[in-house]
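Read off the chains here:
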Amino acid sequence: KKLFRQAYEGTIVALSYAEILLNKAIKDYGEDHPVGYGGETAYFIPAIRALSGLEIRTLGEFVPILNKMRDQVRLELTLENALLWGEAVIHAAEIIEAVRYATGAHEFLPRPWTGFLSDTYVRKWGIKHVDWTIPGEVVIVGRFRTSDDALRIVNKLVQKGFMIFLVDEVIEQLLEKGYKFDIDAWPVYPLGNFTQVIHAVNYALRASSIFPGIPAGDKFMHRNYQRDRILVFVMALGERDIVKVAACFAAIYLGFPCLVDQPLDEDEIWPDWYFSVPDYDEMVQEGIEVRGIKITAIDIDVPIAHGPAFEGEAIRKADMFVEFGGGRSPACELVKMVPAEEVTDGKIEVIGPDVDQMEEGKAYPLGILIKVYGRKFQEDFEPVLERRVHYYFNYGEGVWHMGQRDQNWARISKAAREKGVTLKDIGKILYAYYKKEYAAIVDRLEVQFMTDASEVEKLLKEAREKYQKRDDRLKNLRDDAVDVFYTCTLCQSFAPTHICFVSPERTGLCGAVSWLDAKATYEIDPTGVCQPVPITSEYVIDPVKGEWSSLNEEAAARTQGKTTSVCMYTMMDRPMTTCGCCECILAVVPECNGIMVTTREHKGDTPVGMTFSTLAGMVGGGNQTPGFIGVGRLYLVSRKFLPADGGIGRLVWMPKELKEQLRDQLNERGKEEGFGDNFADMIADETIGVTADEILPYLEEKGHPALKMDPLM
Ligand code: SF4
Ligand code: NI
Ligand code: NI
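Residues numbered from 1 in each chain as written. Chains lettered and ligands numbered in written order. Predicted model: local features only at pLDDT ≥ 70, side-chain atom pairs only at ≥ 80, totals over all residues. Heavy atoms only, no water.

(A) Just the environment of V589, in detail. Tracing the chain through its elements places V589 in strand β21 (residues 584-589). Look at V589 and you get buried, because its relative accessible area is 0%. Taking the C-alpha atoms as reference, V589 lies 44 Å from Y438; in sequence the two are 151 residues apart. If near-sequence neighbours (up to four positions away) are discounted, V589 is found in contact with G594, I595, M596, P607, V608, V652 and A692. (Helix = DSSP H or I, 4+ residues; strand = E, 2+ residues; numbered from the N terminus. Buried < 20%, exposed > 50% of the residue type's maximum accessible area, 1.4 Å probe, protein only. Contact = heavy atoms within 4.5 Å.)

Quick look at the structure:
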């Protein structure tokens, strides 16, 4: 077949190019010259590591693997050989890119090209894969027929929630159309050109290294995971050449079909894997179908785009049309359970002026009242739904929201205003997402926006009473006061052996699933990821370490027997499993007789000599690792913070940012434990030091309680 012949020839070209570059680099820099992606990854040269198991550190170490790849490339045009070519091309491309990094070429990347993407991004967006907020990934290589096509199709894919990798001229086409890349708001990655496409591959292969923790070199498992879980398809646009065909075979090797927009001869087609779809919209549709991707985006009749892809966008003051709250005007939001007759399903009301009657640049009062009735609805679910206001509000394109309760703050951009957006439209978005995600517990829902100052004052009064009532209830919601904890196994789709147990005083390690959330999730889907587990006295094995026979059985049943016993209240003995979503990672610092914490946001080193990324790579695949554990931020100030290990008094180091966020609560908890009024200041941070030696004198000077405790190990 002609297609196979082209792929073979392209493979030879790619391998030769890699060899030339590598030899030249070795000649110029020596074979011991270090390689790696500049501390951006804990996975060495990630694609090669995943597939071949090699942890390559120097230029010279590339030579044997490149030779091995060259040797496996045979001319017979068979399917089996075709896959070996694909594998060889992945290695060749990654060697080319790694050599460029090793020799400093990446420092001259034109903006906005990203080149290699750090582990931080893989982790950050991995969370959105878990619940299929991101239904799949599209790699677009080459150029669309027009820049308008480029913009239209990329926007369409974003609206559907896809993660997108861009290579070659499509990036310039988008820039030409004024497209703004903001990879922290949504993953549309302008990788660069030519072999930089490998950064999509090493990204995907890190996902299978990180989330299910597939070992380096387990080619079979990595490929299965790529094919079945990382739903990627490739749009290969514009003129074809043999190297591009070979690159497509590399994608096919990983289970990613390639759709091209050029006409193909009969013997250039590989059905379902390499085929032509000249119409771009049709190409997107076929890509979705051939991968069996389920799109969950919903249709709402509003003038702006919406969906999780628009959650991360910020609106600067200069781009703002109007704002609400944020200390500039009174504002609050409240979800309230009401009797059936007090709510009209689908009613959306604006009391006071709507956006079209507002003046640019001003702050207006805003009360958001959401009335809910449901036969299965409970008052305990009010705060759970109320937190969703933040997300759904943000889902609007050009609409921004922050905070909660009476500390909320919202903005509408000039661009959204020009499209004609109103509060009523935002109400429609809220209504649609609530009805979609909470259909099982919400029968009727009504949205009221109040912009009239006196109405907002009235609502504020009611809301504050309600917040107070809820806080009182939460204070009494203790592990010891309930009969059940809940499982959460949402992350198993990514980390198959992971299970979180969620208790009133311990939110899931992602920070997003509280005991009340889990309870609501169970009501919504009684056979779903959150299951109640009884913890009454007959199940208690060890009350100090927090071991229950019921939790052990549930863990075993839900992890295929991999995790058979778990302790809730210690990280030293059979701790809970950790998955890649954790907000923080704790690690024992033996020299200080204490525990340090680092966060996903903290990029720097820590007193155990590892960054968050390295730690997460080590413990985050759904394993139990005594001495290490992933937790949510708020768990640190919980009364049930690892009581069997000494509790909060063990905290010897944390990033300054975390300390400031939790300062009041740390001090309050410290006081309760008898550590004086200023426990937060006893905890070292990166400004004091990042090694045990550097922080120890500080802890001694402050009289840190951990130094007087029993040895941890
Ligand atoms: Fe994943 Fe645990 Fe959060 Fe559930 S609670 S989403 S399993 S990290
Ligand atoms: Ni938004
Ligand atoms: Ni997870």
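Still more ground to cover, so stick around.
(B) Structural context of the nonpolar core. Core analysis: the largest hydrophobic core is formed by 234 residues, its most contacted members being I140 and M235. Residue contacts for I140: discarding those within four places in its chain leaves V154, L157, I164, F165, L166, V167, V170, M235 and L237. Residues C332, V456, A463 and Y467 belong to the second largest nonpolar core, which totals nine residues. (Core = buried A, V, L, I, M, F, W, Y, C linked by side-chain atoms within 4.5 Å.)

(C) Representation of the packing of aromatic side chains. Within this structure, the stated rule accounts for 32 aromatic pairs. With centroids separated by 6.3 Å and ring planes inclined at 45°, the aromatic side chains of Y434 and Y438 adopt a geometry described as tilted. Every member of this aromatic cluster is reached through a ring pair, and the members are F4, Y8, W85, F249 and W270. Looking at R229, its charged tip hangs above the ring of W132, at a distance of 3.7 Å from the centre. Stacked on the ring of Y635, the Lys or Arg R506 has its end atom at 4.4 Å from the ring centre. (Phe/Tyr/Trp six-rings, centres within 6.5 Å; stacked < 30°, edge-to-face > 60°. Lys NZ or Arg CZ within 6 Å of the ring centre and 35° of its normal.)

(D) Structural detail: the coordination of the nickel ion (ligand 3). Distances from the nickel ion (ligand 3) to its protein donors, namely C491 (SG), C579 (SG) and C581 (SG), fall within the range 2.1 to 2.2 Å. Spacing between the donor residues of the nickel ion (ligand 3) along the chain follows C-x87-C-x1-C. Taken together, the residues C491 in the loop between β15 (484-488) and β16 (500-502) and C579 in strand β20 (residues 578-579) connect sequence positions 88 residues apart. C579 matches C491 in its accessibility class, with the two residues each being buried. (Donors = N, O, S within 2.8 Å, 3.2 Å for Na, K, Ca; no water.)

(E) Spotlight on the site of ligand 1. Taken together, the neighbourhood of ligand 1 is formed by C488, L490, C491, H498, C500, G508, L509, C510, V513 and C579. For the shell around ligand 1, the class distribution of residues is eight nonpolar, two polar and no charged. (Near = heavy atom within 4 Å. Nonpolar A, V, L, I, M, F, W, Y, C, P; charged D, E, K, R; others polar.)

(F) Broad picture of the coordination of the nickel ion (ligand 2). At this site the nickel ion (ligand 2) is bound by F310 (O), E313 (OE), N394 (O), G396 (O) and V399 (O), with donor distances of 2.3 to 2.5 Å. Sequence spacing of the donor residues for the nickel ion (ligand 2), all on one chain, is F-x2-E-x80-N-x1-G-x2-V.

(G) Focus on the pairing of strand β14 (residues 444-450). In terms of burial, β14 is a largely internal element, six of the seven residues being buried. As paired strands, strand β11 (residues 366-373) and β14 are joined by seven bridges and run antiparallel to one another. The partner of G367 across the bridge, within β14, is M450. (Pairing = 2+ DSSP bridges.)

(H) Summary view of unusual backbone geometry. Across the junction of R111 and P112, the peptide omega takes the value 0°, indicating a cis bond. Position of P112 among the secondary structure elements: in the loop between α4 (79-102) and α5 (119-130). Non-glycine residue D272 carries a positive phi angle of around 70°. Positive phi, close to 50°, is recorded for Q560, a residue that is not glycine. Tracing the backbone through its elements, the reader meets Q560 in the loop between α17 (549-558) and β20. Note on Q560: relative accessible area 66%, which makes it exposed.

(I) The arrangement of the state of the cysteines in detail. Per the stated rule, a full pass over the model turns up zero disulfides. C488 provides the cysteine sulfur closest to C530, a residue in no disulfide bond, and the two sulfurs are 4.3 Å apart. Classification of C530 by relative accessible area gives buried; the value is 2%. Left unpaired, C592 is separated from the closest cysteine sulfur, that of C584, by 19 Å. (Disulfide = S-S within 2.5 Å.)

(J) Just helix α10 (residues 242-253), in detail. Over its 12 residues, α10 extends 16 Å from the first C-alpha to the last, a length consistent with the 16 Å expected when each residue adds 1.5 Å. Those residues of α10 not exposed but buried are V245, A246, C248, F249, A250, A251, I252 and Y253. Just downstream of α10, G255 is the residue with a positive phi angle, here 90°. (Expected span 1.5 Å × (residues − 1).)

(K) Seen up close, the environment of V442. Within the element layout of this structure, V442 appears in the loop between α14 (423-437) and β14. A sequence separation of 97 residues divides V442 from D345, and the C-alpha atoms of the two residues are 9.8 Å apart.

(L) Inspection of helix α3 (residues 62-72) at higher detail. Three or more residues of α3 are buried, namely F62, I65, L66, M69 and Q72. End-on, the buried residues of α3 take up no more than an arc of 125°, which puts them together on one face. For α3, the exposed residues lying more than 90 degrees away from the buried face are P64 and D71. On its buried face, α3 is in contact with α1 (2-29), α2 (46-52) and α4. (Arc of directions from axis to C-beta.)

(M) Expanded view of the sheet that holds β15. Strand order in the open sheet formed by three strands is β16-β15-β17, with antiparallel pairing between adjacent strands. A strand with exactly one partner marks an edge of an open sheet, and here the two such strands are β16 and β17 (532-534). Ignoring strand direction, the axes of neighbouring strands in this sheet form an average angle of 35°. Note that β15 and β16 share three bridges and pair antiparallel. Bridge assignment links T487 to a residue of β16, and that residue is F501. Of the strands in this sheet, β15, β16 and β17 are in contact with helix α16 (residues 515-524), which crosses β15 at around 75°. (Axes fitted to C-alpha atoms, helices over the stretch in contact; angles between N-to-C directions.)

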